[in-house]
Amino acid sequence: MYHYVKEDDPSFPNFNHLHIEDFKKQLDYLGNKFGFVTKKDFQDALESGDPPKGVVLTFDDGLKCHYDQVFPVLKERGLWGIFYVATEMYRTQKLSDVHRIHLLLGQENNQKIYEYLNEKIPQDYLVDFVREDFKKLTYTRQINDDFTKMVKKILNYYISYTYREKVIDDLCELFLKKEDLNVLDFYLTAEEMVEMENAGMIIGSHSASHPVMSKLDLETQKIEIQSSFSDLKNFGLKLSCKSFCYPYGGFHTFTKETEALLEMEKCRFSFNVESRDISKKDLTERKQALPRYDCNEFPFGQVRRIGKVHSSSYSI
Ligand SMILES: [Zn+2]
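From a predicted model like this one, the values you see are computed outputs, not experimental measurements. (Residues numbered from 1 in each chain as written. Predicted model: local features only at pLDDT ≥ 70, side-chain atom pairs only at ≥ 80, totals over all residues.)

So, the overall build of the chain
Under the convention used in this document: Labels follow the DSSP assignment, with helices taken as runs of H or I lasting at least four residues and strands as runs of E lasting at least two, numbered in each case from the N terminus. Taken over C-alpha atoms, the radius of gyration is set against a globule rule of 2.2 Å times the number of residues to the power 0.38. Think of it as a crowd count around each C-beta: if 20 or more other C-beta atoms lie within 10 Å the residue is buried, if 12 or fewer it is exposed, and in between it is partly exposed, with C-beta placed from the backbone throughout. We call two residues in contact if the C-beta atoms placed from their backbones are at most 7 Å apart.
Check the secondary structure of the chain and you find 14 helices and nine strands. In terms of C-alpha radius of gyration, the chain reaches 20 Å, essentially the compact-globule figure of 20 Å for 316 residues. Buried residues in the chain amount to 37% of all 316 residues. A sequence separation of at least 24 residues applies to 69% of the contacts in the chain between residues at least 6 apart.

Encoded structure:
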């Protein structure tokens, strides 16, 4: 499982991403050590239940770098991949909150965002967080990393969901440029997806709005699944092999009912995040929850910031 795979961007020195050169090194490593499964062998295995030996590559969130940087590398090496796209952003013309948070955290000076939050956010916007905690951090000597961590915590956990989108809107207005937030520059376009599909890639659904599916009632889950597949169809994709990937991933993010909905949608297989190989049992009994590893569990897979290497990747 990969997310951002790209070159460094000097305007976002704190942006967590796998560097494209590390990606190539990791492909060398994976190819030598395990080999890659062809698309045909993978699809055959979905029928036969016998897992072939080797690696299947997946990429989440329909990011522009998957077309600009990953796709040329895969083509050059004769490889294929599965790309999971969330579709609601194409309707709202607005980057998802999760991705806007990545951009905010990736820019240069998180202390400024931190100070803004400290000054402007009323206490009733925050859940389980008190003003005192702001002060503690403000008056101890900090490095930018600590501010980044705090901003991340506040935006991901402490801001009440009632106000979160509005706060992120304001932060983006203040700290990002308009062009950083252009949907068709940040995500794959329909034309790019069609080109990738024609070149042998599989494009799959990553839901419409990238929710934690298990938090939704069944009817809403069904809408998330159906509308995302119909959006992909409307983009001009053939979807001859329908696949889904759970936003965030992990067994807490979906239920048996979600799996049943995917079966009803004639989805052939779905990916979860679980750190182990795909077994015969998975292929015969539970195709809507196939396990997969994060790229950071293998050599060269650590996310980078400019001048820094980190051990944890985003899982969104
Ligand atoms: Zn995601």
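After that view, the rundown keeps rolling.
A word on the nonpolar core
We apply this condition: To form a nonpolar core, buried Ala, Val, Leu, Ile, Met, Phe, Trp, Tyr and Cys residues must be joined through C-beta atoms within 7 Å.
Val5, Leu18, Phe83, Val85, Met193, Met196 and Ile203 are the most contacted members of the largest nonpolar core, which totals 57 residues. Considering each element in turn, this core owes the most residues, five residues, to helix 3 (residues 64–77). If we ignore the near neighbours within four places in the chain, the residues touching Val5 are His17, Leu18, Ile20, Phe23, Cys65, Gln69 and Val70.

Focus on the environment of Leu63
Looking at the secondary structure, you find Leu63 in the loop between strand 3 (57–60) and helix 3. Once the C-alpha coordinates of Leu63 and Tyr4 are considered, the two residues, 59 residues apart in sequence, prove to be 7.1 Å apart. Among residues more than four places away in sequence, those in contact with Leu63 are Tyr4 and Tyr187.

Quick notes on unusual backbone geometry
Positive phi is not limited to glycine here, since Asp61 has a value of about 90°. As for its position among the elements, Asp61 is in the loop between strand 3 and helix 3. Residue classification places Asp61 among the buried residues on the basis of 27 C-beta atoms within 10 Å. The backbone of Leu239 shows a phi angle near 50°, a positive value even though the residue is not glycine. Assignment of secondary structure puts Leu239 in the loop between helix 12 (218–234) and strand 6 (243–245).

Quick word on the pairing of strand 3
Along any regular strand, the residues point their side chains to alternate faces of the sheet. What counts is decided by this rule: A pair of strands is labelled paired if DSSP reports no fewer than 2 bridges between them.
Bridge count for strand 3 against strand 4 (residues 81–85) is four bridges, and the pairing is parallel. The residue bridging Thr58 from the neighbouring strand is Ile82, located in strand 4.

Focus: the domain arrangement of the chain
Applied cut-off: Each domain span listed reflects an automatic or database assignment of domains.
As assigned here, the chain comprises domain 1 (5–93 + 189–310) and domain 2 (108–175). Spacing between the C-alpha centres of domain 1 and domain 2 amounts to 31 Å.

Observations concerning the packing of helix 5 (residues 97–106) against helix 9 (residues 161–175)
Convention followed: Axes here mean lines fitted to C-alpha atoms, for a helix over just the part in contact, with angles spanning 0 to 180 degrees between N-to-C directions. Crossing handedness is defined as follows: a turn of the near helix away from the far one that is anticlockwise and smaller than a right angle gives a left-handed crossing, while the clockwise case is right-handed. Any residue that is not Ala, Val, Leu, Ile, Met, Phe, Trp, Tyr, Cys, Pro, Asp, Glu, Lys or Arg is counted as polar, Gly included; the first ten are nonpolar and the last four charged.
The geometry of helix 5 relative to helix 9 is characterised by a closest axis approach of 10 Å and an angle of 40° between their N-to-C directions. In this structure, the crossing between helix 5 and helix 9 has a hand that is left-handed. Contacts between helix 5 and helix 9 pair Asp97, Arg100, Ile101 and Leu104 from the former with Arg164, Glu165, Ile168, Leu171, Cys172 and Phe175 from the latter. Of the residues belonging to the contact of helix 5 with helix 9, the class tally is six nonpolar, no polar and four charged.

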